[in-house]
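# Descriptive analysis of the structure
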Amino acid sequence: MKPLLITDCDEVLLHMVRHFRTWLDEHHDIDFAIGAGDFATSMRRRDGSGVIPQAEMWSLLGGFFPAEMGRQTLVPHAAEALQAIATRADIVILTNLLDDCRQPRVAQLAAFGIAHRVVCNQGGKGPAVAALLAEHGGADGPPVAVFVDDIAGHHESVARDAPGVHRLHLIADAELAVAMPPAPFAHARIDDWREALPWIQARFAGGVPAAA
């Protein structure tokens, strides 16, 4: 049975927040302070009307995905790391987007030479990770698995629903990484794929699940 890598996309494989900020600036006259809190509280209209309401924040994100996904750029060394991992493990890209964004995400990643299964998810990722473990498992149980994500809440969700998964907190955007502390429910925090790759490979080579 092959090991399994389950990885997020935005700010793990592809840069997103810097391009979202530029789009908000160019098309909506909104300033976006990366790392200043959640997305809604990080936005300010330049007309002085204050914080963006939560519902409008979701609407703006819906305007970026999938129409503006072409702005996104590849995280350095991510494609090479996935290429190396794919020689010994299965890879699933678990992205929190609506289901109708799946095919645009597949095409977007393929343009960067990344061609792995894409699964869309809404909400905490723990249940989806548990389902993937069951799907990829066999008579001996689930495979050794590593989960990579930039959002602390998803690590908590995976720790609750799939505690045997090794959890790596990775934030590719340097500005965002400085502002965000290590996720309490992750086993490690590494923000560079050149260092993340040997950590992941060591978990696979060890062949045992993470300690709950």
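Refer to the preceding data block for the structure.
A quick note: this is a predicted structure, and the numbers were derived from the prediction, not measured. (Residues numbered from 1 in each chain as written. Predicted model: local features only at pLDDT ≥ 70, side-chain atom pairs only at ≥ 80, totals over all residues. Heavy atoms only, no water.)

### Some points on the overall build of the chain
For the chain, the count of helices and strands is 8 helices and 10 strands. Radius of gyration (C-alpha) of the chain: 17 Å, near the 17 Å computed for a compact globule of 212 residues. Viewed in the frame of its principal axes, the chain has a C-alpha envelope of about 60 × 35 × 30 Å. Across the chain, contacts joining residues at least 24 apart in sequence account for 63% of those joining residues at least 6 apart. A total of about 9600 Å² of accessible surface is found on the chain, and carbon and sulfur atoms cover 56% of it. Averaging the locations of the 17 positively and 26 negatively charged side chains of the chain gives two centres separated by 4 Å. (Helix = DSSP H or I, 4+ residues; strand = E, 2+ residues; numbered from the N terminus. Rg over C-alpha atoms; globule rule 2.2 N^0.38 Å. Contact = heavy atoms within 4.5 Å. Areas by Shrake-Rupley, 256 points an atom, 1.4 Å probe, with all protein chains shown as cover. Lys, Arg positive; Asp, Glu negative; His and termini not counted. Charge placed at Lys NZ, Arg CZ, Asp CG, Glu CD.)

### Observations regarding the sheet that holds strand 8 (residues 145–149)
On the basis of which strands lie adjacent, the open sheet formed by 6 strands has the order 7-6-1-8-9-10 and parallel pairing. Each of the sheet's edge strands pairs with one partner strand only, and the pair in question is strand 7 (117–120) and strand 10 (188–189). Helix-sheet contacts for helix 4 (residues 102–111) involve strand 6 (90–95) and strand 7, and the interaxial angle to strand 7 is about 145 degrees. (Pairing = 2+ DSSP bridges. Axes fitted to C-alpha atoms, helices over the stretch in contact; angles between N-to-C directions.)

### Some details on the environment of Phe-147
Checked against the element boundaries, Phe-147 lands in strand 8. Look at Phe-147 and you get buried, because its relative accessible area is 0%. In contact with Phe-147, not counting residues within four places along its chain, are Ile-6, Lys-125, Val-129, His-154, His-155, Val-158, Val-165, His-166, Arg-167 and Leu-168. (Buried < 20%, exposed > 50% of the residue type's maximum accessible area, 1.4 Å probe, protein only.)

### Observations concerning the packing of aromatic side chains
Inspection of the entire model under this criterion finds 5 aromatic pairs. Taken together, the aromatic side chains of Phe-20, Trp-23, Phe-32, Phe-64 and Phe-65 make up a single cluster linked through ring pairs. Lying across the ring of Trp-199, Arg-203 places its NZ or CZ 4.5 Å from the centre. (Phe/Tyr/Trp six-rings, centres within 6.5 Å; stacked < 30°, edge-to-face > 60°. Lys NZ or Arg CZ within 6 Å of the ring centre and 35° of its normal.)

Just geometry here; none of it tells us what the structure is for.
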